[in-house]
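# Survey of secondary and tertiary structure
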2 protein chains.
Amino acid sequence: MPGWDYALALDRGRATPLFLQLAQALAEDVRRGRLKPGERLPGTRRLAATLGLNRNTVLAAYAELQAQGWTLGDPARGTFVSPSLPEAGPKRSAAVGRRGRVPTHTAYDLPPLPPLQADPRPPPGVLVFGSGVPDLRLVPVAALARAYRRGLVRRTRALLDYSDAQGLPRLRAAIASMLAATRGLAASADDVLVTRGSQMALSLAARALVQPGDAVAVETLGYRPAWDAFRVAGAEIVPLALDAEGAQVEALLEISRRHRLRAVYLTPHHQYPTMVTLAPGRRMRLLELARARRFAVVEDDYDHEFHYEGRPVLPLASVDRSGAVIYVGTLSKVLAPGLRLGYVVAPEPVLARMTALRGLTDSQGDLPLESAVAELIEDGELQRHVRRARRIYDQRRHALLAALDRRFGPRLRVRPPAGGVAVWAEAVPPVDVEAWARRALAEGVSFQPGRRFALDGRPRPFLRLGYACLDEAEIEEAVRRLARSRP
Amino acid sequence: MPGWDYALALDRGRATPLFLQLAQALAEDVRRGRLKPGERLPGTRRLAATLGLNRNTVLAAYAELQAQGWTLGDPARGTFVSPSLPEAGPKRSAAVGRRGRVPTHTAYDLPPLPPLQADPRPPPGVLVFGSGVPDLRLVPVAALARAYRRGLVRRTRALLDYSDAQGLPRLRAAIASMLAATRGLAASADDVLVTRGSQMALSLAARALVQPGDAVAVETLGYRPAWDAFRVAGAEIVPLALDAEGAQVEALLEISRRHRLRAVYLTPHHQYPTMVTLAPGRRMRLLELARARRFAVVEDDYDHEFHYEGRPVLPLASVDRSGAVIYVGTLSKVLAPGLRLGYVVAPEPVLARMTALRGLTDSQGDLPLESAVAELIEDGELQRHVRRARRIYDQRRHALLAALDRRFGPRLRVRPPAGGVAVWAEAVPPVDVEAWARRALAEGVSFQPGRRFALDGRPRPFLRLGYACLDEAEIEEAVRRLARSRP
C-alpha cells in the first residue's frame, strides 16, 4: 500500500541529534509493530519532505538503522525492515495484544449492555435455508451498475454533497408511490423516511420511543434483532403469545396495566418466524387498544412483496387513522441485503424525531445507492424484478412443500404459507431440533431451529426453512440432506 | 411510476357485490388521497389478476365509478381520476394533514428529547465558507465510478450479501495501513471498525460508553453534532475551556470529582472550531488523567490529512498505551461528505461493543462504497488525491489570509492555522457577528458565526471561514462581500 506520507514526531528541542532521533523512532516503530518485518521503509527523499528534514539527515538515520541490524537493502533498491530482528522479536508490554499493537483493555469501565446474540454464519458449500434472504443470482446487477454510474457521472455534486437526513427526495417520492399502490398508504414523499434497511428503522423507532424502564411487547416466537434494538434503547421486552390467528393482542390490555407499555413490535403480514397472518378482527382490536392505552404499534412489513395467493392483505398502517402505527419496510429483502435500504411511514412528530436521530447517527444515507434505486423504480426495473422474483419464489415454495411431503410425510407438519419466503415446520413427534441442526450442518445443509426465535431461549420443535435463495435442484438436495440428518 | 400492482382488501363474506365493494374502495382511495386527481387507474386486466377477481367484475366497478363521476376515460385509452371531484373535494378528517394522508399526530406521548439544533443550509448562489467541506470539484469521480462498477460486476455476490458489521475486511486493511503510515497507529485490520462517517463513530462511542446520568466533557467552543450524539445517549455535557494551547485539560481533575465523568470528547489536532493544536505537555497530562480518573478520551481527528507546515503532529492514540483513547477519523472530509466513511481504532472490548451496536443500528456498511474506496486506496488514487487537495487547499489558505489582510487589516485578528481547511478570525473591536452573518447572507456570502460553537449559546465575536470548497477567485469575491456586509 504505497503512497502515504510517513509521519513521525521529532523534538527539535532535544539534545539528541535529529538523525539519531529519527533512527530511534523508526526502530521503536518496528518494535511496536507499526513497521512489519520485510516492509519497505519510506523513500528518503519523500520522508525528508514529510518531516521537514534535510535528506542527509534521513540518509544518516537509515545508515544507523542498518548498522544496528534493523534494516536491509540500500537507498537505490530501497530499505526494508529486516525479517530477522536484532532482538528476540518485538517487545510487547502487557497491555499490548496479538491483533496489531492496540491496547487490549480499556483504561475505564464499560457500562453493562444487555447480552446480544449473533447468528453464526454457515461455512461455504453448505446449502442454506436462510432467514429470508433473496436469491442474489436474480438481482438485476447490470441495470444497477448502470444506474450507479449514471448517478455518479451526471449528478456528481448532488450525490457527493451533504444532503437530507430524511433521504433523497427522489427516492422518497418513488417509495411513496410504491406504497400508495401496493400497500394502500396515502403517503407523500414528505411522509417517508429512508433508512439503511429495516434494522436502522427499528433502531431509530426504539430510540425515539423508549425511555429506560419502558416496556415493549413482542411476538414470541419472534425476531431477535428487533428485540435487541429495543433492549439497547433501554426497554424491557414483554412476551405476547401467538396462536393460529397471530399475536394474541387482547393480552396487551393486561400488559399495559402491569407495565409502562410504550410500544408493541410485530410482523402482522407474515409473522416472523411462523408465517401466520394476523386475523382481521385482531387487527382492528389492536388499533383500538393502541389508541385507548396510548402505545405505539411498530409494524414490520419485512416481506410484503412476497404474497402469492391473490387477495392482498394491506398493512395496519393503511387503516390507522389515529396515529398509532409506525410502518417499517425494506428493499433489502427485495433486492439484496448488501444494499441497505429501508423506509418508515409514521405520523409527523415521530417521523421528525426519527429523522433527527438519524442525522445524529450517520448524518444521511448513501446517496449513490439511493439515487441508483430511485432510478430502478422510475424505470420500472424494480417492479419487473419483484414480479419475476415472486413467480420464481412461488415455484420454489411448491418445490419445497412437495419435497418435504415426499421425504417426511406426516413426520413434519407444515402449514403451507400464503406468502413470504420461508416454510415453518413442526417435527412430529417432537425431536431435538437443535441436535438436528448440528447434524444437518455436518451433512451440508443449514436451517434455523425454533429456539433461535424464542424469547425464553428454550428449544422448540420447529424448523424455519427459508427457500428463496435456493433453486429447485438445490431445494431437492437440501431436503435430502435434511432427511438424512434427522435424529 | 407505473408497474406496481394495486392492492385492495375486499371482503368476500359481505353481502355487497364485489364490483360495488371495489368501486367503493377506489372512491375511498380517491377521497383519502391514495389516488390523486388526474392519476391513471390500474389496467383492468392487471387489477383483476392482482385481486383474484374476474375481469368483468373490475369492468363493472370502473363503469360504476365513471357513472358516479369519480373517473374519466374508457378501458381502451385508460381510466383516470377525474380532475374535478364529485364532492367538494376530498373530505379530510381532523387527524389528516396536508402532507399526504398520514395522521399528523401520534396516538401516544413521545418521551422528551434534548433540543437539537440543525444548521440552516444557505440558498444556491451564495458563496459558502463551509464548516470544512472539501471541494467536490476535486473528487476523482471517474476513478470512483470505475471502482464502483468493477466491484458490482466482478464481486457481485460478496457486495450484495450480508456481511461483517465491522466493515469490509479489505477496506479495514487499507485503512489500517494508512493509519500506520500517516498517524503512527500500529493497528491491524482487526483493530479497525468502519463506520458511516465520523458521526456514526461518535454516536456508537456515545452509546457504548454513556449511561443516563454520566457526564461527558467537551471543548467549548466545539462541535455541536458530537455533543448531541452524547446528549441523546443520556449524557450531561460539561464544558472544558480553551486557551492558546488548546483544551485546559487540568480542569478534568476537578470535573471528574464533581461528576460521574465517563468521557472527554476533543479535537486535539486542529481544534474545532478554533484550529488550535493541543500542546504536547497537555497531551501527556490528558492521558495521565484519563488513566488515573478512569474516563475515556474520544479523539476526533476529523481533518488529519490537511496539515501544511512540515513537522507532523501524531494523534493521542499513537502514544496511548493504557487503552484510554477511542480514535475517530473520517474519509468523508477527504473525499466527499456524500460518501459516508469513517473509522474507529480502539481497545478490543470497546471496539467489540461498538461493532455490536453498529450491527443493531444498520446491520452493516454500504458494501459497494466500501469496496470502491478500498480499491481507490489500493491503487494509490486516494493518496494522490490527498496530496493534490492538500497543495490546492494550502494555496487557498494563503489566498484567504492575504485577502482578509487586504480588506480588513487589524479589524480582523487572524491566527494563521498550521493546518485544517478553515480560518478562525476575531472581529476587533468586537462587532455583532450574528448580525454580520445575516447581512453577509443578503450579500451572497455565508460563514459560521462564533455562537454556533458555543455550549452556552451566547454570541462570540468570532468567524469561522472554511475555505476548502472555494477557489481563489471565489475567495477573493467572498471576502469582498464579507467586507461590504460588516456591521
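These numbers come from a predicted model, not from an experiment.

### Digging into the overall build of chain A
Looking only at helices and strands, chain A features 15 helices and 17 strands. Buried residues in chain A amount to 61% of all 487 residues. The contacts in chain A between residues at least 6 apart in sequence include a share of 71% that link residues at least 24 apart. Working note: accessible area of chain A is about 17,900 Å², and carbon and sulfur atoms make up 53% of it. Taken as two groups, the 70 positive and 51 negative side-chain charges of chain A have centres that lie 3 Å from each other.

### Section: the interface of chain A and chain B
With 134 residues of chain A at the contact, the number on the chain B side is 133 residues. Across the chain A/chain B interface, buried area totals approximately 11,500 Å², and carbon plus sulfur atoms make up 59% of it. Counting across the chain A and chain B interface gives nine salt bridges. For A:Arg390, the salt bridge identified is with B:Asp5, shortest N-O distance 3.1 Å. Inspection of the chain A/chain B interface yields 40 residue pairs in polar contact (both at pLDDT 80 or more).

### Some thoughts on the relation of the copies chain A and chain B
With an RMSD of 0.0 Å, the operation that places chain A on chain B is a rotation of 180° combined with a shift of 0.0 Å along the axis. Put plainly, the chains are arranged around a two-fold axis. The share of interface residues of chain A whose copies in chain B are also at the interface is 99%, consistent with both copies meeting through the same surface.

### As for the pattern of salt bridges
The tally for this structure, following the rule as stated, stands at 81 salt bridges over all chains. In this structure, A:Asp394 and A:Arg397 form a salt bridge, with 2.7 Å as the shortest nitrogen-oxygen distance. One end of the pair, A:Asp394, and the other, A:Arg397, are both in helix α13 (residues 381–408), three residues apart, so they sit about a helical turn from each other. Judged by relative accessible area, A:Arg397 falls into the buried class, the value being 4%. Among the ionic pairs, B:Arg407 bridges to B:Glu476, the shortest N-O distance being 3.5 Å. With B:Arg407 in helix α13 (residues 381–408) and B:Glu476 in helix α15 (residues 472–484), this residue pair connects regions lying 69 residues apart in the sequence. Judged by relative accessible area, which is 32%, B:Arg407 ranks as partly exposed. On the basis of relative accessibility, which here comes to 29%, the residue B:Glu476 falls in the partly exposed class.

### Quick notes on the environment of A:Asp432
All names here are of chain A. If you trace the backbone, Asp432 turns up in the loop between β14 (422–427) and α14 (433–443). Counting along the chain gives 30 residues from Asp432 to Phe462, while the straight-line C-alpha distance between them is 9.5 Å. At 3.1 Å, the side chain of Asp432 forms a polar contact with the backbone nitrogen of Glu434.

### Things to note about the nonpolar core
Ranked by size, the top nonpolar core spans 239 residues in total, and within it A:Leu252, A:Leu286, B:Leu252 and B:Leu286 carry the most contacts. Look past the residues within four positions of A:Leu286 in its chain and what remains in contact with it is A:Val249, A:Leu252, A:Val264, A:Leu266, A:Leu278, A:Phe295, A:Val297 and A:Leu316.

### Observations regarding the sheet that holds strand β13 (residues 412–414) of chain A
Residue and element names in this part refer to chain A. Spatial ordering of the open sheet is given by β13-β14-β17-β16, a layout of four strands whose pairing is antiparallel. For this open sheet the edge positions go to β13 and β16 (448–449), each flanked by a neighbour on one side alone. Of the pairings in the sheet, the one linking β13 to β14 comprises three bridges and is antiparallel in character. Residue pairing for β14: Val414 is matched across the bridge by Ala425.

### Topic: the packing of aromatic side chains
Residue and element names in this part refer to chain A. This model, assessed by the stated rule, comprises 19 aromatic pairs over all chains. Ring geometry for Trp424 against Phe453: centres 5.9 Å apart, planes inclined by 70°, an arrangement best described as edge-to-face. With a gap of 29 residues between them, Trp424 in strand β14 and Phe453 in the loop between β16 and β17 (462–466) connect regions that are remote in the sequence. Judged by its relative accessible area of 3%, Phe453 is buried. Put simply, the rings of Tyr223, Tyr272, Tyr302, Trp424, Phe453 and Phe462 touch in pairs and so form one group of aromatic residues. Lying over the aromatic face of Tyr6, Arg34 brings its terminal NZ or CZ to 4.0 Å of the ring centre.

### Let's talk about the confidence of the model for chain A
In low-pLDDT regions, the fine details of the predicted coordinates are not to be read closely. Residue and element names in this part refer to chain A. Here chain A averages 91 in pLDDT, while 96% of its residues score no lower than 70. When the criterion is pLDDT under 50, residues 88–99 qualifies, and its contacts beyond four places in sequence or with other chains add up to 22 contacts. Scoring the predicted complex yields pTM 0.93 and, for the interface, ipTM 0.92.

### What about the sheet that holds strand β16 (residues 448–449) of chain B?
All names here are of chain B. Taken together, the four strands give an open sheet; going across it, the order is β13-β14-β17-β16, and neighbouring strands pair in antiparallel fashion. Of all strands in the sheet, those with a lone pairing partner are β13 (412–414) and β16, marking the two edges. Judged from the five bridges that link them, strand β14 (residues 422–427) and strand β17 (residues 462–466) form a sheet pairing that is antiparallel. Bridge pairing in β17 places Glu426 opposite Phe462. Sitting on the sheet, α13 is in contact with β13, β14 and β17, with an inclination near 155° to β13.

### Some words on unusual backbone geometry
Residue A:Val428 is joined to A:Pro429 through a cis peptide bond whose omega torsion reads -10°. Along the chain, A:Pro429 turns up in the loop between β14 and α14. A cis amide bond links B:Thr220 with the next residue in sequence, B:Leu221, at an omega value of 10°. For B:Leu221, the location among the structural elements is in the loop between β5 (215–219) and α8 (224–232). Non-glycine residue B:Met275 carries a positive phi angle of around 75°. Looking at where B:Met275 falls in the secondary structure, it is placed in the loop between β9 (261–266) and α10 (280–293). For B:Met275, a relative accessible area of 8% puts it in the buried group.

What counts, and at which threshold
- Residues numbered from 1 in each chain as written.
- Chains lettered and ligands numbered in written order.
- Predicted model: local features only at pLDDT ≥ 70, side-chain atom pairs only at ≥ 80, totals over all residues.
- Heavy atoms only, no water.
- Helix = DSSP H or I, 4+ residues; strand = E, 2+ residues; numbered from the N terminus.
- Buried < 20%, exposed > 50% of the residue type's maximum accessible area, 1.4 Å probe, protein only.
- Contact = heavy atoms within 4.5 Å.
- Areas by Shrake-Rupley, 256 points an atom, 1.4 Å probe, with all protein chains shown as cover.
- Lys, Arg positive; Asp, Glu negative; His and termini not counted.
- Charge placed at Lys NZ, Arg CZ, Asp CG, Glu CD.
- Buried area = accessible area lost by both parts, 1.4 Å probe.
- Salt bridge = Lys/Arg side-chain N within 4 Å of Asp/Glu carboxyl O.
- Polar contact = N/O pair within 3.5 Å; in protein donor to acceptor, adjacent residues only side chain to side chain.
- Least-squares fit on C-alpha atoms with pLDDT ≥ 70 in both.
- Core = buried A, V, L, I, M, F, W, Y, C linked by side-chain atoms within 4.5 Å.
- Pairing = 2+ DSSP bridges.
- Phe/Tyr/Trp six-rings, centres within 6.5 Å; stacked < 30°, edge-to-face > 60°.
- Lys NZ or Arg CZ within 6 Å of the ring centre and 35° of its normal.
- pLDDT = per-residue confidence, 0-100.
- Axes fitted to C-alpha atoms, helices over the stretch in contact; angles between N-to-C directions.

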